[in-house]
There are 4 protein chains.
Amino acid sequence: MDLQMPPAHPFDDDKLKEECGIFGVIGVTDASNFVALGLHALQHRGQEAGGIVSHDAEHGFNSARRFGYVRDNFTSQSLMQTLPGPLAIGHVRYSTAGSKGAQIRDVQPFFGEFSMGGAAIAHNGNITNADALRRELIERGSIFQSSSDSECIIHLMARSLQRNIPERMEDALRRVEGAFSVVAMTRSKLIGVRDPLGVRPLVLGKVADGWVLSSETCALDIIGAEYVREIEPGEMVVISAEHGVESLRPFRPQKSRFCIFEHVYFSRPDSIIGNRSVYETRRQIGVELAREAPVDADLVCPVPDSGTPAAIGFAHESGIPYGMGIVRNQYMGRTFIEPTEQIRNMGVRLKLNVNRALIKGKRVILVDDSVVRGTTSRKIKEMILDAGAAEVHFRIASPPTAWPCFYGVDTPQREKLLAATMTEEQMRDHLQVDSLRFVSLDGLYRAVGEVEGRNPKQPQYCDACFSGDYPVEPSDQIKKGFKLKTAAE
Amino acid sequence: MDLQMPPAHPFDDDKLKEECGIFGVIGVTDASNFVALGLHALQHRGQEAGGIVSHDAEHGFNSARRFGYVRDNFTSQSLMQTLPGPLAIGHVRYSTAGSKGAQIRDVQPFFGEFSMGGAAIAHNGNITNADALRRELIERGSIFQSSSDSECIIHLMARSLQRNIPERMEDALRRVEGAFSVVAMTRSKLIGVRDPLGVRPLVLGKVADGWVLSSETCALDIIGAEYVREIEPGEMVVISAEHGVESLRPFRPQKSRFCIFEHVYFSRPDSIIGNRSVYETRRQIGVELAREAPVDADLVCPVPDSGTPAAIGFAHESGIPYGMGIVRNQYMGRTFIEPTEQIRNMGVRLKLNVNRALIKGKRVILVDDSVVRGTTSRKIKEMILDAGAAEVHFRIASPPTAWPCFYGVDTPQREKLLAATMTEEQMRDHLQVDSLRFVSLDGLYRAVGEVEGRNPKQPQYCDACFSGDYPVEPSDQIKKGFKLKTAAE
Amino acid sequence: MDLQMPPAHPFDDDKLKEECGIFGVIGVTDASNFVALGLHALQHRGQEAGGIVSHDAEHGFNSARRFGYVRDNFTSQSLMQTLPGPLAIGHVRYSTAGSKGAQIRDVQPFFGEFSMGGAAIAHNGNITNADALRRELIERGSIFQSSSDSECIIHLMARSLQRNIPERMEDALRRVEGAFSVVAMTRSKLIGVRDPLGVRPLVLGKVADGWVLSSETCALDIIGAEYVREIEPGEMVVISAEHGVESLRPFRPQKSRFCIFEHVYFSRPDSIIGNRSVYETRRQIGVELAREAPVDADLVCPVPDSGTPAAIGFAHESGIPYGMGIVRNQYMGRTFIEPTEQIRNMGVRLKLNVNRALIKGKRVILVDDSVVRGTTSRKIKEMILDAGAAEVHFRIASPPTAWPCFYGVDTPQREKLLAATMTEEQMRDHLQVDSLRFVSLDGLYRAVGEVEGRNPKQPQYCDACFSGDYPVEPSDQIKKGFKLKTAAE
Amino acid sequence: MDLQMPPAHPFDDDKLKEECGIFGVIGVTDASNFVALGLHALQHRGQEAGGIVSHDAEHGFNSARRFGYVRDNFTSQSLMQTLPGPLAIGHVRYSTAGSKGAQIRDVQPFFGEFSMGGAAIAHNGNITNADALRRELIERGSIFQSSSDSECIIHLMARSLQRNIPERMEDALRRVEGAFSVVAMTRSKLIGVRDPLGVRPLVLGKVADGWVLSSETCALDIIGAEYVREIEPGEMVVISAEHGVESLRPFRPQKSRFCIFEHVYFSRPDSIIGNRSVYETRRQIGVELAREAPVDADLVCPVPDSGTPAAIGFAHESGIPYGMGIVRNQYMGRTFIEPTEQIRNMGVRLKLNVNRALIKGKRVILVDDSVVRGTTSRKIKEMILDAGAAEVHFRIASPPTAWPCFYGVDTPQREKLLAATMTEEQMRDHLQVDSLRFVSLDGLYRAVGEVEGRNPKQPQYCDACFSGDYPVEPSDQIKKGFKLKTAAE
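Along each chain, residue indices are assigned from 1 in the same order as the chain's sequence is written. As a convention, the first chain written is A and the first ligand written is 1, with the rest following in written order. The model is predicted, so local features are restricted to residues of pLDDT at least 70 and side-chain atom pairs to those at 80 or more, both for listing and for counting; the totals for chains, interfaces and linings are taken over all residues. Processing note: side-chain calculations cover all non-hydrogen atoms of the structure and skip hydrogens and water entirely.

S.K.: Help me get a handle on the sheet that holds strand E21 (residues 363-368) of chain B, residues and values and all.
M.R.: Residues and elements named next belong to chain B. Spatial strand order, E18-E21-E22-E24: 4 strands in an open sheet with parallel pairing. Whereas interior strands pair on both sides, the edge strands pair on one side only; in this sheet they are strand E18 (299-302) and strand E24 (435-438). Going from strand to strand, the sheet's axes swing by 20° on average, the running direction of each strand aside. The contact rule is simple, with two residues in contact once any of their heavy atoms fall within 4.5 Å. Here an axis means a line fitted to C-alpha atoms, over the contact stretch when the element is a helix, while the angle between two N-to-C directions is reported on a 0 to 180 degree scale. Counting from the N terminus, the helices are DSSP H or I runs at least four residues long and the strands are E runs at least two residues long. Seen against the sheet, helix H13 (residues 375-386) touches E21 and strand E22 (391-396) and runs at an angle of roughly 150° to E22. In this scheme, strands are said to pair when DSSP sees at least two bridges between them.

S.K.: Quick one: what's the story with the arrangement of the chains, residue by residue and with numbers?
M.R.: Spatially, chain A is disjoint from chain C: no contact exists, and the shortest C-alpha separation is 13 Å. When C-alpha atoms are compared, chain B and chain D, though not in contact, are closest at a spacing of 14 Å.

S.K.: Requested: an account of the packing of aromatic side chains, with residues and values cited.
M.R.: For this analysis, a ring pair means two rings from Phe, Tyr or Trp (six-membered ring only for Trp) whose centres lie within 6.5 Å, classed as stacked if their planes differ by under 30 degrees, edge-to-face if by over 60, and tilted for the remaining angles. Counting across every chain of the model gives 62 aromatic pairs over all chains. Ring centres of Phe261 of chain A and Tyr265 of chain A lie 6.5 Å apart, and the angle between their planes is 70°; on these two criteria the pair is classed as edge-to-face. Of this pair, Phe261 of chain A and Tyr265 of chain A both sit in helix H8 (residues 261-266), 4 residues apart, which is roughly one turn of that helix. Through pairs of rings, three or more aromatic residues link up here, namely Trp403, Phe406, Tyr407, Tyr470 and Phe482 of chain A. The ring of Trp403 of chain C has Arg414 of chain C lying over it, and the distance from NZ or CZ to the ring centre is 3.5 Å. The aromatic ring of Trp211 of chain D is capped on one face by Lys206 of chain D, whose charged end is 4.3 Å from the ring centroid. Only lysine NZ and arginine CZ atoms are considered, and such an atom sits over a ring when it is within 6 Å of the ring centre and within 35 degrees of the ring normal.

S.K.: Would you mind going over helix H5 (residues 151-159) of chain C in detail, with residue names and values included?
M.R.: Throughout, exposure labels follow a simple rule: accessible area from a 1.4 Å probe, protein chains only, divided by the maximum for the residue type, with under 20% read as buried, over 50% as exposed, and the rest as partly exposed. In terms of burial, H5 of chain C is largely enclosed, as 9 of its 9 residues are buried. Within H5 of chain C the residues assigned to the buried category are Glu151, Cys152, Ile153, Ile154, His155, Leu156, Met157, Ala158 and Arg159 of chain C.

S.K.: I'd like a rundown of the interface of chain B and chain A, residues and numbers included.
M.R.: Reports of interface size often rely on the accessible area that becomes lost once the parts have come together. Every contact between the two is made by 60 residues of chain B and, on the other side, 60 residues of chain A. Summing both partners gives a buried area of about 5,100 Å² for chain B against chain A, and 56% of it is carried by carbon and sulfur. Whenever Lys or Arg places a side-chain nitrogen within 4 Å of a carboxyl oxygen from Asp or Glu, that contact is recorded as a salt bridge. Run the count over chain B and chain A and you get 2 salt bridges. A salt bridge links Arg328 of chain A to Asp305 of chain B, with the shortest nitrogen-to-oxygen separation between them at 3.9 Å. The term polar contact refers here to a pair of N or O atoms within 3.5 Å; inside protein, the definition further demands a hydrogen-donor-capable atom paired with an acceptor-capable atom, and it admits residues adjacent in sequence only when both atoms are side-chain atoms. Linking chain B with chain A are 20 residue pairs in polar contact (both at pLDDT 80 or more). Residue assignment for the side of chain B that touches chain A shows that the elements contributing at least two residues are helix H1 (31-41), helix H3 (77-80), helix H7 (218-222), helix H10 (308-318), strand E19 (326-328), helix H11 (341-346), strand E20 (352-354) and helix H12 (356-359) of chain B. The class makeup of the residues in the side of chain B that touches chain A is 27 nonpolar, 21 polar and 12 charged. Two parts placed together each lose some accessible area; with a 1.4 Å probe, that loss summed over both constitutes the buried area. Gly is placed with the polar residues, together with every amino acid not listed as nonpolar (Ala, Val, Leu, Ile, Met, Phe, Trp, Tyr, Cys and Pro) or charged (Asp, Glu, Lys and Arg).

S.K.: Break down the interface of chain D and chain A for me, with residues and values.
M.R.: Counting from both sides, the interface comprises 27 residues of chain D and, opposite them, 27 residues of chain A. Interface of chain D and chain A: buried area, both sides summed, is about 2,200 Å²; carbon and sulfur atoms make up 50% of it. Between the two partners, chain D and chain A, sit 0 salt bridges. Here chain D and chain A share 0 residue pairs in polar contact (both at pLDDT 80 or more) between them. At the level of secondary structure, the elements contributing two or more residues to the side of chain D that touches chain A comprise strand E4 (60-67), strand E6 (110-114), helix H4 (130-139) and helix H5 (151-159) of chain D. For the side of chain D that touches chain A, the class distribution of residues is 10 nonpolar, 10 polar and 7 charged.

S.K.: A description of unusual backbone geometry should follow, citing residues and the corresponding values.
M.R.: That bond from Pro304 of chain A to Asp305 of chain A is cis: its omega, -15°, falls within 30 degrees of zero. Among the secondary structure elements, Asp305 of chain A is positioned in the loop between strand E18 (299-302) and helix H10 (308-318). Positive phi, close to 50°, is recorded for Asp30 of chain C, a residue that is not glycine. Along the chain, the position of Asp30 of chain C falls in the loop between strand E2 (20-26) and helix H1 (31-41).

See the structure below:
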C-alpha cells in the first residue's frame, strides 16, 4: 500500500490543485451512502483518496479509507454495510505536500478517542502554522500518525481542558492559523466550521429530516438536498437531532476573504458560491476578456473542459463563432503504474486531440482558465499549429498566477510559476503564440460581481496567487525561506 | 476472472454501442506500443476489454488480453515488454451478445496456428451467418473456444485448402456474410479487409517507415501517423516490408453502404470519415434540425457530450444562445462491482447534474444525438424541470431509431426501441416534454453531404436502424424469429 | 495473468514431480463442492493450477480455472455457486513442459462442443506421440489453444466419425500412445479410462447415491466416499444415473506396468494402491534398506516429510533410535514473486532447520526417498555437519534415478540426473558423506510385495526411471534426440 | 483492507496461540532482509500479520506492515528495497483480542516521533494493566491509533520526562504490569528488554559484526547467527555500533517465572530454551507419560505435528511401535474467504486424514500436546474409530489446561476450557475414548529438568494455565469480572 501510488497525471502539473472536498450528513438512514454520493460529486476537489467515518449505536464509530476514486470504492454494498448509522462525514483529498509518498494513514477523516468519547474531523484548507504546532505537540508527548497538517487539530482537541467536544474544537481551532473549513462529528453531533476569513467554502443543506454540510452545492444536488445557506466566515454550526442547527462564533470577527480561484477553476460550474452561479461567473470572465483583449479571428475554441464557459462568453461577446477545436479523450483515468517511456512522453496528447478539419487555415482564439507553468499551454499551441491553424491567440480567464497558495491548494514553488518570472509579453514569446492576454484583476472582480473592481485597500477576496497579498502570514513557509512580496514588487 | 465483470453502466442502456475498434502497425520498433496508443484513441468503440498480439523473430507470436481500459493495462512497461517486435495488431471490444458473461477467452485478437505458420485476427462488425457457420464447423470437428461470431473466421482459415495465409483469409471471408472490417497479421504481413459494402470503417496511415491500419483517423493522430486513405469497400490490403502495400479485390463488387450512424454517434468528432469531418457533419445536423424544427426558446443546451456539436450548430443557425445547462461529472468510470441499492437507483444523476442557475425560468432546447429506449431522455427532462425550466424542447440529431442493428452494434431488441412502437407525438407524450423533434432521414443525408437527400431506390448508406432496410439479410436472426419490415410498414 | 507465475520452489528442483491429479463425481447435489475437496486432497499431485467443470440443466456446462492452490480458490461460495449441478470433474496440475510460461489456457479440464453436445476431459499422464498428433491435427484444420499434450485428445474426439461421446473418446484414445488416466464428462455421463499398461492410477468410489473417480483413495476419504476398486488397466467406465457403472475394454489387452514411483514418492502415504498401503510399503522399503545396507550409528533421522515412513521402518529393523533431527518450517508456500537475492540463495534453509541439540556428536543415518540432482542432499548434509554430527550416512528409499520419465512426471534432462553419470561410490564422494546406499531394485520390488523381486523378462511395474526400460517407446522424444538404453549399458 | 481477514482456521480454535514473535538486527548491511528471514522462522508464533521498521541515514525510518505470511510479503525485492539500512526490527502477530476485526493499524512495530528522534517497538506478551493505562493516557490527551495493549508503551515513552530514548523506555516499562519481551530501535540503537519475571523468551545472537535479538534460537539458525545467551529476566540491553552490548537492570529484581507452555507447545522443537532442547524436553514428556500412564496397545501415533516428539518418547519408553496413523495435508493455508457451507463443516478433515490401513484393528495410543476445548480431540477420535481402530487411548503431553493465560497467549474464556469444568474421567467420558491421561504437573517439571518436580511454595515457572497460580495479578481482567482461584479450588 505504502508506495504504490505514483504522483499524478503526467500532464496535470500545469493546473493548480484544490486539495480537499468535505461532506457530512446527520439525521438520515444510512448516512454514509449520502456521504459517498456527496464525495463523488466533490471528486474534482481531490482524486487521490477518500475516507468516510460513520457512527451507529451498535458498533460505535466505523471507518473506511481508500486510495482511488469514490466511485471505485464507496459504491459496493459489502463496504458500505460496514459504515452504518444516521451520522457520517467524509473527505476526498489530492495529496499531502512533503510526504514521502501516499500513505493510507494520511487519508482523512482523522479520528481521536477522548475521555468524553470519540470525534472525527475532515479538513479542507491548510494550517500555516502547522510545523510549529506539531513541534509543540510532540514536545508535550503527542504521537503523530500522519504527515498531514490537519492532524494537529485532533491533537489540540485531545489536549484541550474543555469538557465537551465542540468546545474542545473551538479551543483547538483558536490555536490554528491559515485557511480551514472543517466538517466534524461526535457520536451525536455534526459540526461545521469556517476560518474567520472564510477562505475555503462550506455550505449547509437540508435533506428530508436531516442536515448536510458540503464544500459545494453541486454535492447537495446529487442527493436531492435543498441548499439552505453558506456557513459564514468564522461561524461554527453544531447540528444534532435534539437541538437542530446551533450557530456559534468562536473567533474574533474579521472582514472575509474568500478564495477567488474557487470561482475561476476549483469549484464545479454547476455550484453556487456566494449566491452566484460559478458557470455564469466564468462565462462573464469570457465577456470581460473579449472586452479587454479583443482580437480579429475565425474561431473561439475552449481548452477542454475548464475553459468552456469563458469561451462561450468570449464567443458571445465578440460574435466570433464558437467551436470544439480540441477534443478530449473521455477514457483518461488518473495515473499510470510503471509507464512505458512512450507513455511518459505523450503528455497532453493522451488526453487531447485537435479537430484538424475544423482548425485548418483558421485564426484560432484558445480560451483557457489559467496558466501555471505553461507546459501544457505550449503543447496545445504546437498541436494547434501542427493541425494547420493560421494564427493562435491565447486568452486566459484569470490574471497571471505569480504567487504560490498556502491555503490548501497545491501550487508549484514560486520559481516554477511562469508569471513569477515573466511579463505578459515574455510569456507570449515563450509560448510562441500570436497573442496572449490574461483578464485583468479588476476584470475578474467585475465578473464576480464587484462592479467597482478590486478594492486595493481592503480586497474583497483572497487573490494572493495573483497579487502576492497574503491575508494570513504563511509563517511555516517564511521559516523555510519563502520571501513575501516587497514594497518594490 | 470469469464472472467479475458486471454488464455495463446503469445508464448506458440508452445508447447504441459500437462493439469494436481495431488497429495494426507494421515496420516500426516496438509496434505494440503504437497499438496500445491507437487502441486508447479508439477506446470509445469498446470499453470492456482489449488485446494485443505482436510478433518478433525471437519469441514468435506474443499476446496479452485484459479486461478494462487500455490505459489501465497496456501502459505498463512490464506488460509491454512481453509484446516485442515490429508487427502488432490490437482490438478493443464492448461485449459479445449471447454470452453468459464476460470471459477472457472471448477477447480478441484470435490466434490460430496453421501448418504454414500462425495468424492473428481482429474483427469489427458482425457476421450475420455465424450460427450456421459455427454449426457447420463443429460438424467437421472444429473446437470453438469463445462465444464470439468472429472466431468462425479463424476456423474457416484453418480449414482452407489454400497454401498461404492471405489466400486462406480470402477463402474464409468469402463464406462470411454481414459486416466486417478485419485487421490481421502473419509473421511478416499486416492485412486489412473491408466487406464488399464497406459497412464498418478502416483507414490506412503511414508512420515513419511503417504502415498503420485503424478503425478511425483519430488513432492515427495520437501516434503522429499521416492519414493516407480509406481501405475501400471490398478491398484487401496485404502489407509487408518487402512489397509495401498490395491491394486485392477478393469479393464481387457491390455498391457501398457505409454505416451512417458512425457519423451520428460512434466515431469520434475529431475523426475524418469519407473525407468529411465528423464534427462538422454533426454540427451540420444541428443546422438542419434548426431549419426543420425551429422553436422559440431562450437557451440551446447540449446533452453532454455527444450532443454538443449538433447543439452548437443549432444555436448558430437559430441565433438562440448556447449554454452548458447540464454538467458532466468527469470522474465516472465504467461499472460498479456489487453496487448498493442507492447507487443502482441513481442512474444518470451520478453522471450529470443540472446547472440550476442557468436553467431556471428558461425555455430550454435540449439537443441529443439519439433516442434509443428513452429512459435517459426521460430522466434528463425531469432534472431540467426540477431545476425550474419554463419549457423543455428535445431536438434529436438523428431520425427515430426503430430497428436493431445486426452489423456490429449492440442494440436492444426491437420492442425495446421507443421508436419501434411509438410515433413522434407518442414519444413526446411519453417523455412529457413540450416538443420533441428528430432530424429527418433526408436532413441527415444532407448533413453528410448528399445534397439531394437519401436515394430511396439505392440508399447511399446503411441506415437500417432508421429505415429497416437491411443491406445484408440477417439470416441467423431470421431463423431465431426476427421479422423483416413488411411492405405495409 | 500470463507471466506472473515463477517456475517453482527454489529447492524443489531436486524431486521428481507428479504432473496431475484428477477427480470426478456424478449423482450428488453440488458435485463441484466434492470435486473441490477431492482436488484439495490430491494437491500433492499438482500445485500450480486447478480447474473444475460442472454441468447443470439450467446453465449447461460451467467452468472455472485458477492458478494457485485449490484451497485458495475453490472454497469460496461466490465461485462455487457458479459451478452448480450433479456432475463435475476437476484437475490439478504441476506444469506443462515446453510452454513459455504458465498460461490459464493450459489449465484443464479441456472442453469441446461437438455436434452431439459438449464434453470436458481431465488427463493425468503424458502422450508420447503428442507432437506428431498435433502436427497432423493442425494439417487438418484444428486450432490448438494450449501448449498441452492433453489437448490432442479433445481434438481427436472432435474429428471422430463416431456418433456418441464415449465412442468418440475410445476412437481418440486408440490413436494416443503413452500413459494416461482420464476423467471426462458429458451432459449426463462421467467417464474414466486408464491406458492399457495402467501406468497412472485411477480408482472408483461410491458416495451416497453417486459415484466418484479419483487419482488416489485419500481423496475418497476426504468426502467420506467408500473405496470400490481400481479402474483396471485398459478399462473404460461410463457412469450415468440410468445405467450405473458400465465397463468397456476399448484397447488390445496388455500386461500391466503400473508406475512403481507412485509407491516410492508420488502418492500420499494414506492412499491404497493395488490393495497395498502406501505408508506400509514405504515403511517396508526402510526395512529392506536396513537389511541391505546396515550401518552402526546413533540416530535414524528422516528427511522430512517424504523420508519419514522409510526412516521408521529402518529404525525399527535396525534397533537404532528414531528422532527428528531435521525440523520443517510449516509456513513455506510455493513460489516467490520477484525474490530478493538473499531469498534466492537460501534454498533448503528456508524450509528445513537442523535440531542441533539432538544431532550434536551423533552418528546420523539420514533416510530420504530419492536422489535426483543431489543438490538438496548436499545442502542437508552440510547443515547436519555444521550442527556437529560425528558421521552422516545417507540411505535412499529408492534405486538410483538414472533415466527421465516420459509418462507424466516432470524430470530433469538425463544429464542432470546424478545417477545418470555417477556410480554409487562416485555419488558418495560427490556428496561427501560417510556412506550412501540406495535400496536395490529387487529390494524395492520386495517391498511392494513381489517376494521374488523384479522379473527382468517381464517387469511387473514401470520402473523406467531406475532401469531405462521404457514400456512405451517415447517417440516424440526420440525424434528430438533422446537416446534409448543400449545393450551395452 | 479493514474487513477482509476472517478470524482464523476453522479447526484452530482448539490450541492455545502464542500471540507474537519479535526480532531485531543491528550492524549488518540490509538488516531488514535478516529480519524477514528471522520472522519467517518465527512464523509459528503469529500468522496473521507482520511488520518491519528499518532506519537508514538517507531516508530515516522506513516501515512496512502487511497481513499474511512473512514469506508472501517480505521476500519481494520491490518491498525490501523500501526498507534499507543497517538496523531493523520486526514483529509477527496472531491477533489482538478485543478488536472488531483485523486492522493494519494494529500491526506492529509501533512507531513514535519524539522531540529527540523516533523510536519503534515490537512487543511480545500482554500488559495486564493496559486498560487502566490507556484510560489515563487518553485523559492526558494521547490519541490511540490501535486497539493493541502494546501501544501504551510508546505513549508512555512520548510523555516521559527523560532525555533519551532508552531512559524513556525504562520509564515507560516501569509503569507496565504483565509479561513483556520487547525489541525496540532508535536511529542508532537496538534495544531488548524482558519483564522482571522473564515470562516470554528473548535471546541474543551474533552475526558477522552485528547483533541479533530474537524470540527463539531457531531464528538465529536461519540467518547463520551464533547463539550468545538469553536476555535475562528484568534485563535491558542497549546495543550500538559505538558501545556494543550494554546491560541495564531497570526493574526491582524478582525470582523468574518463565512460561512453561513455551516448552510444551509454543516454541519450535529446534529451539533451545534455558539451555534445554525443546525437542528433547517434549520427547522426555512422552517418556514421563509412558511411565505415569502406561497402557497395553499396538501402536503409538502422534497427532501431527505437535504431538510427534512426545509420541517418539512414549513409544521408546513403552516399547510399543511408533507409526504415522494420521497424515497431514501439507497444502493447508490459513484462512478461508467466504467459505462454502461444506468447507465450514469439514473442520479437521481438511487438514488430517487417517492412515486406515495402519489403524485398522489396532489398539491405538494417540499422543497430543494439549487439550483446550476438546473439539479437535473429539473429531480425531471419531476419524480413528471410523477407520476401524479397536481401542483409542489419548495421552496428553501437558497437564489439563484449566485457566486462561493473560500474558500474551490467546486462550478461550475459562468456561470454554474443557478442564475448567471437568475432571479427567469426565473428559474421558466426554471424548468417549477408552482412556485419557494427562502428564502430571510434577511430571512436566521433571521433563524440563526439575528433578524434584514443581516447588509449590515458589514455582520455578509460570504455569498459571494449569495451576491457576498467576504470578502477576491480571488487574484489567479482574475489573471485567474474572475470578481468581479461591483457596477452595
